[in-house]
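Structural description and commentary
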Amino acid sequence: MAKFVVAGKANCPYYAKAELLADYLQTNLPDFRVHKITQHPDKWEQWLHDICEKNGWEHRHSPIIWRELLDRGGKGQLLGGLNDFLEYAQQYYGITSMMLSEEMLNIAEENLQAHLEIVKEDEEIKSLIKPMQIWITGASVPICYHLIPLLANGEVFGMTTEISIHLLDTDQFKEILCGVVMEAEDMAFPLLRSISEHTELDQAFIDADVIIVLDDVLLNLEVQSLENYIREVSEICQVYAPLIERNAKSEVKVVSSGKTFANLKATMLRTYGPSIRPENIIAVATSWESAAKAMLARKLNTNTAGVKDVIVWGNITGSNYIDLSHAKLYGYDCAIRGPPNFQRPLLNMIYDSEWIHSELLSAQSTLSSRVSRCAAMLPAHAVATVLRYWYHGSPEEIISLGILSEGQFCIPEGIICSMPVRFQNGNWEVVTELEISETTEKVLERLSHELVQEKLVGLKEINEMHPYEAE
């Protein structure tokens, strides 16, 4: 039994000629076997160097052909390149190849396309086998407890995507983390490959695909100033950002949430992690959207799911503005009816402007009080919803998202500000075609100023704490 290995670059015409000759010999000779190894052109040089170094061979071109010594073991017997293989086939079997150059080039091009398709299929299969790595920081908070079942049931990342969840917090919360891990394991989610707790930072964010930042501070301005709380948040982000850069995957998605400083956390992670893709750092505003939609639906005695395109501008967990100027109603029970996609402007259906101001828009509104009292379920659902949209696309509606401003709507660049976006094909894009009123422009100017000042305070506090690092 003679077994030969033919290896070469996918787009090499000489490799094409060698493999077709080998296929002919295998088909027509009962004791001839061939194994083919195709390499991408970009990887060929390194692969050839490694195989030659391993076996002590000298060979520099594509293809490389050797005979496996099945009966004796060992490293195999090097034949050489195409000409050596042609000479061997002619001498031992009386067979040669008369393939023309044009035919060799055509087959080489087909080989390259086939190789690329195989590589793509392999990557897709591996992505299903290798679980998605999800890290959750500040994981002792109740939001995390409610978030884990939403992530593990398959609705967020897909019913064929396995996940591994890593819970990160300080050592004082280790017992809580262990309890969450045990409970999640007891629930036996089919797609949850593993869940683990971590209290050491040096191994944080290893191979992370998604990082959910839930770290919060307990605001009590009677105890210490707002500047001190901002410094505390900034210091946390200054620790996380370089770890994310070093340990996480290059395309890692970073989601900032929690009850305090959602925008600031995203801004500081971007500031101290400049190599993290800016479009992959977001802050979740969906809690405000959902709560506002629910209050509007109750006012109109309709289904909350029928309220669309409510926009949250500004600082998600600070000063923000609920914009109803583009909001729509679907499936509303009124005198005018239409198909499921028939919609009405929401403001045309609510004539009580005083209620809108007092219940939704003022700083001391019922909506603000309602969102601030949300313990965990709504924020957890908000994070899961945004991730599902990010990976699978959002319906044809506007979603509010804290993103790095590039000057859209005259918002200053370099701050994370909540604004309207749409998700599609694994990305988001700002809905810049929206027209905003003069009132909204004035509100955005004020909200943007507050976000800029918050960022400047965070940088100032860190620089004062670590002046040499800042230099």
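Position labels on residues start from 1 in each chain and follow its written sequence. In keeping with the model being predicted, local features are shown solely for residues with a pLDDT of at least 70 and side-chain atom pairs are shown and tallied solely at 80 or more, while totals for entire chains, interfaces and linings include all residues. The side-chain numbers reported here are obtained from all heavy atoms of the structure, hydrogens and water having been left aside.

Strands are runs of DSSP state E lasting at least two residues, helices are runs of H or I lasting at least four, and both sets are numbered from the N terminus onward. Helix and strand counts for the protein chain stand at 15 helices and 18 strands. Its C-alpha atoms give the protein chain principal-axis dimensions of roughly 95 × 60 × 45 Å. Every one of the 471 residues in the protein chain was classed for burial, and the buried ones make up 49%. A separation threshold of at least 6 residues defines the contact pool for the protein chain, and within that pool the share at least 24 residues apart is 68%. Under the convention used here, a 1.4 Å probe and the Shrake-Rupley method define accessible areas, while residue burial counts only the protein chains that appear. Carbon and sulfur atoms form 50% of the exposed surface of the protein chain, whose accessible area is close to 24,300 Å². Charge assignment in this entry is limited to Lys and Arg as positive and Asp and Glu as negative, and neither His nor the chain termini are counted. For charged residues, the charge sits on one atom: NZ in Lys, CZ in Arg, CG in Asp, CD in Glu. The distance from the centre of the 39 positive side-chain charges to the centre of the 66 negative ones in the protein chain is 3 Å. A 1.4 Å probe rolled over the protein chains alone gives each residue an accessible area, and that area as a share of the maximum for its type sets the label: buried under 20%, exposed over 50%, partly exposed in between. Any two residues whose heavy atoms approach within 4.5 Å at even a single point are treated as in contact.

A word on the packing of aromatic side chains. Classification of ring pairs rests on two measures: the distance between centres of Phe, Tyr or Trp rings, Trp counted by its six-membered ring, which must be within 6.5 Å, and the angle between planes, read as stacked under 30 degrees, edge-to-face over 60 and tilted in between. Tallied over the entire structure, the rule returns 13 aromatic pairs. Relative to Y93, the ring of F32 has its centre 5.8 Å away and its plane inclined at 85 degrees; by these criteria the two rings are edge-to-face. Taken together, the positions of F32 in strand β2 (residues 32-39) and Y93 in helix α3 (residues 82-93) put the pair 61 residues apart, joining distant regions of the chain. Taking relative accessible area as the criterion, F32 reaches 1% and is therefore assigned buried.

A word on the side chain of T302. Note that T302 resides in the loop between α9 (286-300) and β11 (307-308). Take T302: its relative accessible area is 18%, and that puts it in the buried class. Those residues in contact with T302, other than ones at most four positions away along the chain, are A297, L329, G331 and Y332.

Read from one edge of the open sheet, four strands run β2-β1-β3-β4, paired in mixed fashion. With one partner strand each, in any of the chains shown, β2 and β4 (77-80) form the two edges of the open sheet. The mean inter-strand angle of the sheet, taken between neighbouring strand axes irrespective of direction, is 25 degrees. In the packing of helix α2 (residues 41-55) onto the sheet, contacts are made with β1 (2-9), β2 and β3 (64-68), and the angle to β3 comes to roughly 40 degrees. Set on the sheet, α3 makes contact with β1, β2, β3 and β4; between it and β4 the angle comes to about 105 degrees. For two strands to be treated as a pair, DSSP must find at least two bridges joining them. Here an axis means a line fitted to C-alpha atoms, over the contact stretch when the element is a helix, while the angle between two N-to-C directions is reported on a 0 to 180 degree scale.

Now for the sheet that holds strand β14 (residues 328-330). Strand order in the open sheet made by the three strands is β11-β14-β15, with antiparallel pairing throughout. A single partner strand is all that each edge strand has here, and the edge strands are β11 and β15 (343-345). As judged from the two bridges shared by β11 and β14, these two strands associate in the antiparallel manner. Counted as the bridge partner of V307 is L329 from β14.

Another point: helix α13 (residues 377-392). Turn by turn, an α-helix covers 3.6 residues, leaving residues three or four places apart pointing in a common direction. With 16 residues, α13 ought to run about 22 Å at 1.5 Å a step, and its terminal C-alpha atoms sit 22 Å apart, in line with that. Buried within α13 are the following residues: P379, A380, A382, V383, A384, T385, V386, L387, Y389 and W390. Two residues or fewer past α13, G393 is found with a positive phi of approximately 90 degrees. To estimate the expected span of a helix, subtract one from its residue number and multiply by 1.5 Å.

Each pocket or cavity is described by its volume, and for the second largest pocket that value is around 580 Å³. A pocket, in this scheme, is an open set of points on a 1 Å grid over the protein atoms alone with protein on both sides within 12 Å along at least 5 of 7 lines, while a cavity is a set where a 1.4 Å probe fits but cannot get out; residues line either one if an atom lies within 4 Å of a point. Lining the second largest pocket are 24 residues, and of these G138, V141, D169, D215 and D216 sit closest to its centre. The set of elements that each furnish at least two residues to the lining of the second largest pocket consists of α5 (142-152) and α7 (226-247). Gly is placed with the polar residues, together with every amino acid not listed as nonpolar (Ala, Val, Leu, Ile, Met, Phe, Trp, Tyr, Cys and Pro) or charged (Asp, Glu, Lys and Arg). Residues belonging to the lining of the second largest pocket are distributed by class as follows: 13 nonpolar, six polar and five charged. Grid points are joined across faces, edges and corners, and a volume is the space filled by probe spheres set on the points.

What follows covers the confidence of the model for the protein chain. Scored between 0 and 100, pLDDT is the confidence that the predictor attaches to each residue. For the protein chain, mean pLDDT is 88; residues scoring 70 or higher make up 93% of the total. At the level of individual helices and strands, the protein chain shows its lowest average pLDDT in helix α15 (residues 467-470), which scores 44, and its highest in strand β8 (residues 210-213), which scores 98. With pLDDT under 50 throughout, residues 467-471 is counted as low confidence; its partners more than four residues away or in other chains account for two contacts.

Take a negative patch on the surface next. Without a salt bridge and with relative accessible area above 30%, a residue can belong to a patch; like charges are then joined within 9 Å and nonpolar side chains (Val, Leu, Ile, Met, Phe, Trp, Tyr) within 5 Å. Within this document, salt bridges are pairs made up of a side-chain nitrogen of Lys or Arg and a carboxyl oxygen of Asp or Glu, the two lying within 4 Å of each other. Negative charge collects at one region of the surface, where E117, E121, D122, E123 and E124 lie side by side. With respect to the helices and strands, the residue E123 is situated in helix α4 (residues 101-129). On the basis of relative accessible area, E123 is assigned to the exposed category, the value being 52%.

Per the stated rule, a full pass over the model turns up one cavity of 30 Å³ or more. In this structure, the largest cavity encloses a volume near 30 Å³. Every element with two or more residues in the lining of the largest cavity is listed here: α8 (262-272) and α14 (438-465). When its residues are assigned to classes, the lining of the largest cavity shows four nonpolar, one polar and two charged.

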